[in-house]
Amino acid sequence: MDTSAYVKDLLLRILKMPSPTGHTAPVISTLSEEATSLGYTSSTTNKGGLLIQIPGEDNAKRRFLTAHVDTLGGMVKEILDDGRLRVHRIGGYAWNTVEGEYCEVLTSGGSTITGTILLHNTSVHVNREVGDLKRADDNMEVVLDAPVKSEDDVRQLGVEVGDFVAWDPRVAETETGYIKSRHLDDKASVAVLFGLLRHLKATGLRLPHGLDILISNNEEIGYGGNSNIAPEIVEYLAVDMGAIGDGLATDEHCVSICAMDASGPYHEGLRRHLVALAKESGLRYAIDIYPYYGSDASAAVRAGADVRHALIGPGVANSHAYERTHLDALKNTFELLLSYVQSPMLA
């Protein structure tokens, strides 16, 4: 199996695993087993992330790569008298992006109850205002796929306030090379990093600098990769999705290189180094500014990490909704990462 096929297969596998922020232990365990199968020793951080450390020729100055496996989701906030659930959103998204979506309630007892997220009184045959109503926290409800008519009925199923809610990713692969799914942010980048790990092991490539890879699990709430940064780390590269929209150059086939996001500019020297590597490798890339975006790299700098920081990732359309990317974007991101970890470190 070549690297592209491996990345795709791993991505499709982990996309189907529920992992809203706060409920990532199962997917982290799967990735730990995957790392072991590739021949790496990994450790789980106290926060629940996965850390893999690879020695290089120079371990006094190391590099740090991270991608996050946590996703958008919800948590049961209230069990209503009629047996429906009110949900608090985990991560930043609009209710209209999940309206009508199938979901799973992950109970503390280990059972899974399926359901659908709907607007209260959603039938147009009984509510002529459906189209005009604002979708808000107090009128979006999970309807469980169970014969429940009361709060007590729901509790009898084992559902309680604080249970996690995972949206159905609806994973699809097209014949034209597109992958459509929720949560490509940022499982696409996680799969690419594992593709890099697999390639390094298969080729026996010796890196000029030691490399730490962190699969973080709290990025969607702002602090996934701001810890477990060894004092030897000099460069910190977050691998996260490249957003697509009006006024931006990123598309679903390229690797995005972010110049600035809501946190401010990324390190100029490291960003220009990545651009130069992309050009030298003949990659399809784009440079963009994301004014409503933050990454694990910016969270690390905000927390006080003394590092050069940068952000790249595969172009992903419809971010924080039903997303789509292309295998080309995964390949271009992989190739840029491979060039980067082999390159000399900035002076």
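J.: Please explain the overall build of the chain as it appears in this structure.
T.: Secondary structure summary: the chain contains 7 helices and 19 strands in total. Counting over 347 residues, the chain shows a buried share of 54%. Taking the contacts inside the chain whose residues are at least 6 apart along the sequence as the reference set, 76% of them involve residues at least 24 apart. Accessible surface, the chain: about 14600 Å² in total, of which carbon and sulfur atoms supply 49%. Of the side-chain charges in the chain, 31 are positive and 47 negative, and the distance between the mean point of each set is 4 Å.

J.: For this particular structure, what's the right way to read the packing of helix α1 (residues 3-15) against helix α4 (residues 184-203)?
T.: Helix-helix packing is described using two parameters, namely the angle between the two axes and the distance between the axes. Where α1 meets α4, the axes come as close as 8 Å, and the angle between the chain directions of the two elements is 140°. When the interaxial angle is binned, α1 and α4 end up oblique. Along this stretch, α1 crosses α4, giving a crossing that reads as right-handed. Contacts between α1 and α4 involve Thr3, Tyr6, Val7, Leu10, Leu11, Ile14 and Leu15 from the former and Leu184, Lys187, Ala188, Val190, Ala191, Val192, Phe194, Gly195, Arg198 and His199 from the latter. Looking at the contact of α1 with α4, its residues break down into 12 nonpolar, 3 polar and 2 charged.

J.: Looking at this model, I keep getting lost on the pattern of salt bridges. Mind explaining?
T.: Side chains that differ in charge, positive against negative, can pair when their charged atoms come close. One pass over the structure, following the stated rule, counts 19 salt bridges. Here Arg206 and Glu57 are joined by a salt bridge, their closest N and O atoms 3.4 Å apart. On the criterion of sequence distance, the pair formed by Arg206 in the loop between α4 and β12 (209-216) and Glu57 in the loop between β2 (50-54) and β3 (58-68) is long-range, its members being 149 residues apart. Note on Glu57: relative accessible area 58%, which makes it exposed. Among the ionic contacts, a cluster of salt bridges with common partners joins Glu78, Arg84, Arg86 and Glu141.

J.: Looking at this structure, how should I read the pairing of β2?
T.: In regular strands, side chains alternate between the two faces of the sheet. For β2, the tally of buried residues reaches 4 of 5 residues, placing the bulk of the element in the interior. Sheet topology places strand β1 (residues 42-44) next to β2; 3 bridges connect them, and they run antiparallel. Across the sheet, Ser42 pairs through a bridge with Ile52, a residue of β2. In textbook terms, the turn of a hairpin is the stretch between consecutive antiparallel strands, and for β1 and β2 this stretch comprises 5 residues, one of which, Gly48, has a positive phi near 100°.

J.: Mind showing me how you'd approach helix α5 (residues 268-280) here?
T.: Since there are 3.6 residues in each turn of an α-helix, residues three or four apart along the chain are aligned in direction. When the terminal C-alpha atoms of α5 are compared, their 18 Å separation across 13 residues agrees well with the 18 Å that a helix rising 1.5 Å per residue should span. Among all positions in α5, only Leu270, Arg271, His273, Leu274, Val275, Leu277 and Ala278 are buried. The positive-phi residue at the C-terminal boundary of α5 is Gly282, with phi of around 65°.

J.: Looking at this structure, how should I read the environment of Asn217?
T.: Counting through the fold element by element, Asn217 comes out in the loop between β12 and β13 (233-239). Put simply, Asn217 and Ser19 are 198 residues apart on the chain and 8.8 Å apart in space, counted from C-alpha to C-alpha. If we ignore the near neighbours within four places in the chain, the residues touching Asn217 are Thr21, Gly22, Thr24, Lys47, Gly48, Gly49 and Asp70. A polar contact of 3.3 Å, which involves the side chain of Asn217, links it to the side chain of Thr24.

J.: What am I meant to see in the sheet that holds strand β11 (residues 178-181) here?
T.: Hydrogen bonding along the main chain pairs the strands of a sheet, whether they run parallel or antiparallel. Read across the open sheet, the 3 strands follow the order β10-β11-β19; overall the sheet is antiparallel. Two strands lie at the open edges of the sheet, namely β10 (172-173) and β19 (323-326), each paired on one side alone. In the packing of α1 onto the sheet, contacts are made with β10 and β11, and the angle to β11 comes to roughly 10°. With respect to the sheet, helix α7 (residues 327-342) is in contact with β11 and β19, its orientation differing from that of β19 by roughly 65°.

J.: Just checking my understanding: could you explain the packing of aromatic side chains for this structure?
T.: Here a ring pair, both rings aromatic, is described through the centre-centre distance and the interplanar angle of the planes. Counted by the stated rule, this structure contains 4 aromatic pairs. Here Tyr93 and Trp95 contribute two aromatic rings whose centre-to-centre distance is 6.3 Å and whose plane-to-plane angle is 80°, an arrangement assigned as edge-to-face. Judged by its relative accessible area of 7%, Tyr93 falls in the buried class. For Trp95, a relative accessible area of 2% gives the class buried. Between Tyr93 and Trp167, the ring centres sit 6.5 Å apart and the planes meet at 85°, which makes this aromatic pair edge-to-face. Here Tyr93, found in the loop between β5 (85-90) and β6 (102-106), pairs with Trp167, found in strand β9 (residues 164-167); they are 74 residues apart in sequence, far enough to count as distant. Across this residue pair, the class does not change: Tyr93 and Trp167 are buried.

J.: Before we go on, may I ask you to explain unusual backbone geometry in this structure?
T.: Residues apart from glycine generally show negative phi values, whereas peptide bonds are mostly found in trans. Note the cis peptide between Asp185 and Asp186, where omega equals 10°. Counting through the fold element by element, Asp186 comes out in helix α4. Even without being glycine, His183 reaches a positive phi, approximately 70°. Inspection of the secondary structure assignment puts His183 in the loop between β11 and α4. We note that His320 has phi near 60°; this positive angle belongs to a residue other than glycine. With respect to the helices, strands and loops of the structure, His320 is situated in the loop between β18 (308-316) and β19.

The rules behind each value
Residues numbered from 1 in each chain as written. Predicted model: local features only at pLDDT ≥ 70, side-chain atom pairs only at ≥ 80, totals over all residues. Heavy atoms only, no water. Helix = DSSP H or I, 4+ residues; strand = E, 2+ residues; numbered from the N terminus. Buried < 20%, exposed > 50% of the residue type's maximum accessible area, 1.4 Å probe, protein only. Contact = heavy atoms within 4.5 Å. Areas by Shrake-Rupley, 256 points an atom, 1.4 Å probe, with all protein chains shown as cover. Lys, Arg positive; Asp, Glu negative; His and termini not counted. Charge placed at Lys NZ, Arg CZ, Asp CG, Glu CD. Axes fitted to C-alpha atoms, helices over the stretch in contact; angles between N-to-C directions. Parallel < 35°, antiparallel > 145°, perpendicular 65-115°, else oblique. Left-handed = near helix turned anticlockwise from the far one by under 90°. Nonpolar A, V, L, I, M, F, W, Y, C, P; charged D, E, K, R; others polar. Salt bridge = Lys/Arg side-chain N within 4 Å of Asp/Glu carboxyl O. Pairing = 2+ DSSP bridges. Expected span 1.5 Å × (residues − 1). Polar contact = N/O pair within 3.5 Å; in protein donor to acceptor, adjacent residues only side chain to side chain. Phe/Tyr/Trp six-rings, centres within 6.5 Å; stacked < 30°, edge-to-face > 60°.

Remember that the coordinates give geometry; whether it matters functionally is a separate question.
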